[in-house]
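Here's the letter readout for the chains.
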Amino acid sequence: MTLLKIALTKGRTEKQVIPLLEKSGVDCSGLLNKKRRLIVSVADKYQFVLAKGSDVMTYLTNGACDIGIVGSDILEEQGRTENQLLDLNVGKCRFILASTSSFDPKEERRKVIGTKYPNITQRYFESIGEDVEIVKIEGSVELAPLVGLADAIVDLTETGTTLKENNLEIYAELGPISTRLVANPISLKQKKHEIFELVDALENVCGGFE
Ligand SMILES: Nc1ncnc2c1ncn2[C@@H]1O[C@H](COP(=O)(O)OP(=O)(O)OP(=O)(O)O)[C@@H](O)[C@H]1O
Ligand SMILES: O=P(O)(O)OC[C@H]1O[C@H](OP(=O)(O)OP(=O)(O)O)[C@H](O)[C@@H]1O
């Protein structure tokens, strides 16, 4: 049987995708009991490679995996939005510009923006004709305007709890995000049947692109 190698973003994405796989008929007990294992075979058909989100597309472009499951935030940041087969409609959140209540977006000086997403931030400010300085931060981005590291941040929000609990306000909406299934184009030719069997099964439970 042909094995489908799937680079799955570990952590939050993995937790949201496992129930979808189960609903589509894939027995995920191996994944649920994986402990610290990073490669898990499931149903003799799939080999899940548990990767960091920002590395998922590297496994695809280098031919190490056939399929990737990753947030559209990462695809947009990396400029790798092609070859998406399915919107899994989980991991839903939004890109926002946020800061403290004293932030004035109209103030005419070169602002400092803290973010994990420098390319998206650059594109957004270019689109509104503003030149900003971008400071790359790897996590807990909400800290930046609170400690004076940045005037504002571009980050993700889902429930709004993190912003609220840190007294931050939304100044602009930059677009929606969700988890996507992406194919390696070479695998799509070589393993077309296996890939579409999985895509069709998942599409029935997640709806696909709207
Ligand atoms: N608050 C959120 N609500 C819903 N989806 C989110 C949220 N935060 C992130 N995501 C989505 O889930 C993906 C993985 O997020 P996660 O927080 O696990 O990654 P991470 O910040 O890189 O974590 P780590 O550094 O611990 O690996 C993101 O790329 C994004 O698509
Ligand atoms: O609107 P909410 O539901 O509160 O979610 C938003 C938070 O979730 C993500 O952080 P994550 O938990 O991934 O931690 P991180 O700061 O280490 O990236 C994101 O960067 C926000 O901080």
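Just so you know, these numbers come straight off a predicted model, no measurement behind them.

Caption draft 1: Just the site of ligand 1, in detail. The full set close to ligand 1 counts 13 residues, and Arg12, Lys52, Asp73, Lys116 and Glu158 are the nearest of them. In the model, a nitrogen atom of ligand 1 is placed 3.3 Å from a nitrogen or oxygen of the Arg12 side chain. Asp73 has a polar side-chain atom sitting 2.7 Å from an oxygen atom of ligand 1. Relative to its unbound accessible area of 630 Å², ligand 1 is 70% covered by the protein chains.

Caption draft 2: Local environment of the environment of Leu168. The topology assignment puts Leu168 in the loop between α7 (161-165) and β10 (169-177). On a C-alpha basis, the gap between Leu168 and Ala152 in space is 9.4 Å, while along the polypeptide they are 16 residues apart. Beyond its immediate sequence surroundings of up to four residues, Leu168 is in contact with Ser99, Thr100, Glu142, Pro145, Leu146, Ile153 and Leu163.

Caption draft 3: Spatial organisation of the site of ligand 2. Taken together, 13 residues form the shell around ligand 2, and within it Arg12, Glu142, Glu158, Thr159 and Thr162 come nearest. Within the contact set of ligand 2, an oxygen atom lies 3.0 Å away from a side-chain nitrogen or oxygen of Lys116. In the model, an oxygen atom of ligand 2 is placed 3.0 Å from a nitrogen or oxygen of the Asp155 side chain. Notes on ligand 2: free accessible area 500 Å², of which the protein chains cover 71%. Placement of ligand 2 is best described as lying within the largest pocket. Secondary structure elements with two or more residues in the shell around ligand 2: β9 (152-157) and α7. Of all the elements, β9 adds the most residues to the shell around ligand 2, at three residues. Of the residues assigned to the shell around ligand 2, the class counts are one nonpolar, seven polar and five charged.

Caption draft 4: Structural context of the UniProt feature "domain: ATP phosphoribosyltransferase catalytic" (unreviewed entry) in the protein. Listed under "domain: ATP phosphoribosyltransferase catalytic" (unreviewed entry) in the UniProt record, and renumbered for this structure, are residues 53-203. Within residues 53-203, the helical portion is 33% and the strand portion 29%, while the C-alpha atoms at the span's ends are 22 Å from each other.

Caption draft 5: The arrangement of the sheet that holds strand β7 (residues 112-115) in detail. Read from one edge of the open sheet, five strands run β8-β7-β9-β6-β10, paired in mixed fashion. One side of each edge strand has no neighbouring strand; the edge strands of this open sheet are β8 (133-136) and β10. For this sheet the average axis-to-axis angle between neighbouring strands, irrespective of direction, equals 25°. For β7 and β8, the ladder comprises four bridges, and the chain directions are parallel. Looking across to β8, one finds that Val112 is bridged to Glu133.

Caption draft 6: Looking closely at the nonpolar core. Counting residues in hydrophobic clusters, the biggest one holds 27 residues, and the most contacted among them are Leu21, Leu31, Phe48 and Leu88. Broken down by secondary-structure element, the contributors of at least two residues to this core are β1 (4-9), α1 (12-23), β2 (39-42), β3 (46-51), β4 (67-71), β11 (179-183) and α9 (192-206). Looking at this core element by element, the count peaks at five residues for α9. Those residues in contact with Leu21 that lie beyond four places of it in its chain are Val26, Cys28, Leu31, Phe48, Leu198 and Leu202. Membership of the second largest hydrophobic core comes to 14 residues, among which are Leu97, Phe103, Tyr124 and Ala172.

Scoring rules and cut-offs
Residues numbered from 1 in each chain as written. Chains lettered and ligands numbered in written order. Predicted model: local features only at pLDDT ≥ 70, side-chain atom pairs only at ≥ 80, totals over all residues. Heavy atoms only, no water. Near = heavy atom within 4 Å. Polar contact = N/O pair within 3.5 Å; in protein donor to acceptor, adjacent residues only side chain to side chain. Areas by Shrake-Rupley, 256 points an atom, 1.4 Å probe, with all protein chains shown as cover. Helix = DSSP H or I, 4+ residues; strand = E, 2+ residues; numbered from the N terminus. Contact = heavy atoms within 4.5 Å. 1 Å grid on protein atoms, 1.4 Å probe; cavity = no way out; pocket = protein on both sides within 12 Å on 5 of 7 lines; lining within 4 Å. Sits in = over half its atoms within 2 Å of the grid points. Nonpolar A, V, L, I, M, F, W, Y, C, P; charged D, E, K, R; others polar. UniProt positions renumbered as here; feature names shortened; annotations may be inferred. Pairing = 2+ DSSP bridges. Axes fitted to C-alpha atoms, helices over the stretch in contact; angles between N-to-C directions. Core = buried A, V, L, I, M, F, W, Y, C linked by side-chain atoms within 4.5 Å. Buried < 20%, exposed > 50% of the residue type's maximum accessible area, 1.4 Å probe, protein only.

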